[in-house]
Amino acid sequence: MFGGQVIPPSNSPHLRKSGSRPVVFDLDKAEGNVEMEALLHSAELNDLKIASLPINTAAIMPSPILLWRFKVLLFFLWGFICCKVGWDSVMRMSVNLRDLFLYEAFLYYNPLLLVTMMVWLWGVNLWVFAQSTISYAKIFDLDQNHLTHREIWKAATWMTIIVPTSMTAYLYLYSHGEVSLAASQPVLLYCAVTLVLIFPFDIFYLSSRYYLLRTLWRIVFPLQAITFADFFVADILTSMSKVFSDVERSVCRMVHRQVATIAWFEADSVCGSHSIGIPVALVLPYIFRLFQCLRQYKDTKEKTTLLNALKYSTAVPVIFLSALKYHVLLDRWTSFYRPLWLLSGVINSLYSFYWDVTRDWDLSSFSRIFKFNKPSLCSHLLYGRQWVRILQLFY
């Protein structure tokens, strides 16, 4: 009794702590529990590892081609909506008012539409330069952050969206009797364009915008040596003289609160078609280019710059004699000024054509038109502004 081994019961309270497991238990059952806990622990670790892995965004994002097609679809849908709303708005107007109103709407939005087309074509130029390995960044003295053709096309796309949208809103509001709201549409658009150009914060391609503004400042005030970018942009401005005249008339009507009214219809009014501001706006790009040529002659002493200056000076009598028609008597115009106007127009056209073919385009013979080398190809692309001149014949 006293010498035998005493085996306490496994559920004795003296061998366990409160709330703990029994100290003595079945070994086979214990091994099974350990294996089960190990499996559960490993499964929990695997779940944590899977949850901590980053999600592959490429697997859930659509392909770039699909996104591009979706954007093109939205673009054409937007264009259809603008055309439909604009057409319905015009059809709501009376026949007598329709032509006058369309002429006014065309005047406000024609300059910005032409500038949008120019930006698109400039992107095409940059794309061709890149394909031809032409270092246009060095030619124009651009920094490393200059815009590529893709960024130019992106800006042109936004311009293509914003300008027709504003025009559609103008037509819709006016046709539905909201004249004051309609008159605010072109004003807001012109103010927005101005603010985007001069916005001082680092958005909307700040360095490129300020590079353009500095170039325009050097064009207006040629107090320093003329760079390639200076005379190239000034040459483009001469092809956009019609845009300058339309901007002058549009801003004049906005300042005098004649938008969406017929007060401008009188030709002799302050913003009419006989205004002196129109020939001044037309001649300014040629004057800028003339002063640039004189500055180049001062720096280089090359006589060809004087001949180039003479070419731009021949445009001045054409513009002012054409405007003089509205300020002299009809007999005086027919007998004296009209022959002078025709003569000056012929001289300017022949001189400009000769200079473009022999100097700007570097085509000394007709056979070379179809045999471009790389330098002449670059010259043709840089002077592609002639297409803008051809487009202006339709206005």
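Values in this document were obtained by computation on a predicted structure and should not be read as measured data.

Quick look at the overall build of the chain now. Along its length, the chain carries 16 helices and zero strands. In the chain, 65% of the contacts between residues at least 6 apart in sequence involve partners at least 24 apart. Carbon together with sulfur atoms contributes 70% to the accessible area of the chain, which is approximately 26,100 Å² in total.

The end-to-end C-alpha distance of helix α6 (residues 149–175), which contains 27 residues, comes to 39 Å, matching closely the 39 Å that a straight helix rising 1.5 Å per residue would cover. Of the positions making up α6, those classed as buried are H149, I152, A156, T160, V163, S166, T168, Y170, L171, L173, Y174 and S175. Contacts made by the buried residues of α6 are with α3 (64–92), α4 (95–131) and α7 (179–198). Trailing α6 by a residue or two, G177 shows a phi angle of about 85°, which is positive.

With that settled, the discussion passes to the nonpolar core. Core analysis: the largest hydrophobic core is formed by 19 residues, its most contacted members being F101, Y109, Y170, Y174, V259 and A260. Contributions of two or more residues to this core are made by α4, α6 and α7. For F101, the contacting residues outside a window of four places in its chain are M93, Y170, L171 and Y174. Core analysis: the second largest hydrophobic core is formed by 15 residues, V119, L147, A229 and M240 among them.

All told, the structure shown has one disulfide when counted by the stated rule. The disulfide partner of C252 is C271, and the S-S distance across this bridge is 2.0 Å. Between C252 and C271, the S-S dihedral sits near -80°, and the bridge is therefore left-handed. Placement of C252 in helix α10 (residues 241–255) and of C271 in the loop between α10 and α11 (277–300) is noted, with a sequence separation of 19 residues between them. We classify C252 as buried; its relative accessible area is 12%. Sulfur of C82: no disulfide; nearest cysteine sulfur belongs to C83 and is 6.9 Å away.

For the rest of this paragraph, the subject is helix α13 (residues 315–324). All of the buried residues along α13 are A315, V318, I319, L321 and A323. Elements in contact with the buried residues of α13: α11, α12 (303–313) and α14 (330–360).

This paragraph deals with the UniProt feature "transmembrane region" (unreviewed entry) in the chain. Sites flagged by UniProt as "transmembrane region" (unreviewed entry) map to residues 66–87, 107–130, 155–175 and 187–207. Each end of residues 66–87 is marked by a C-alpha atom, and these two atoms are 32 Å apart; helix forms 100% of the span and strand 0%. Taken end to end, residues 107–130 is 100% helix and 0% strand, and its two terminal C-alpha atoms sit 36 Å from one another.

Turning our attention to the pattern of salt bridges. For the structure on display, the rule yields six salt bridges. One salt bridge connects K311 with D356, and the closest N-O pair in it is separated by 4.0 Å. A residue pair is termed long-range when its members are at least 10 positions apart, and K311 in helix α12 and D356 in helix α14 qualify at 45 residues. The pair K311 / D356 is uniform in exposure class, with both members buried.

Rules behind the numbers
Position labels on residues start from 1 in each chain and follow its written sequence. In keeping with the predicted nature of the model, local features appear solely for residues at pLDDT of at least 70, side-chain atom pairs appear and are counted solely at 80 or more, and the whole-chain, interface and lining totals rest on all residues. Excluded from the side-chain calculation are hydrogens and water; included are all heavy atoms of the structure. To qualify as a helix, a DSSP run of H or I must reach at least 4 residues; to qualify as a strand, a run of E must reach at least 2; elements of each kind are numbered from the N terminus. Every residue pair with non-hydrogen atoms within 4.5 Å of one another is taken to be in contact. Calculation of accessible area relied on Shrake-Rupley with a 1.4 Å probe; when residues are assessed, cover is drawn exclusively from the protein chains displayed. Under the convention used throughout, the expected extent of a helix is 1.5 Å for every residue step, that is, one less than its residue count. Whether a residue is buried, partly exposed or exposed follows from its accessible area with a 1.4 Å probe, protein chains only, as a fraction of its type maximum: under 20%, in between, or over 50%, in that order. Put simply, buried Ala, Val, Leu, Ile, Met, Phe, Trp, Tyr and Cys residues joined by side-chain atoms within 4.5 Å make one nonpolar core. Note on disulfides: each one is a pair of cysteine sulfur atoms within 2.5 Å. UniProt positions are given in the numbering used here, feature names are shortened, and annotations may be inferred rather than shown by experiment. Think of a salt bridge as a Lys or Arg side-chain nitrogen and an Asp or Glu carboxyl oxygen that are within 4 Å of each other.

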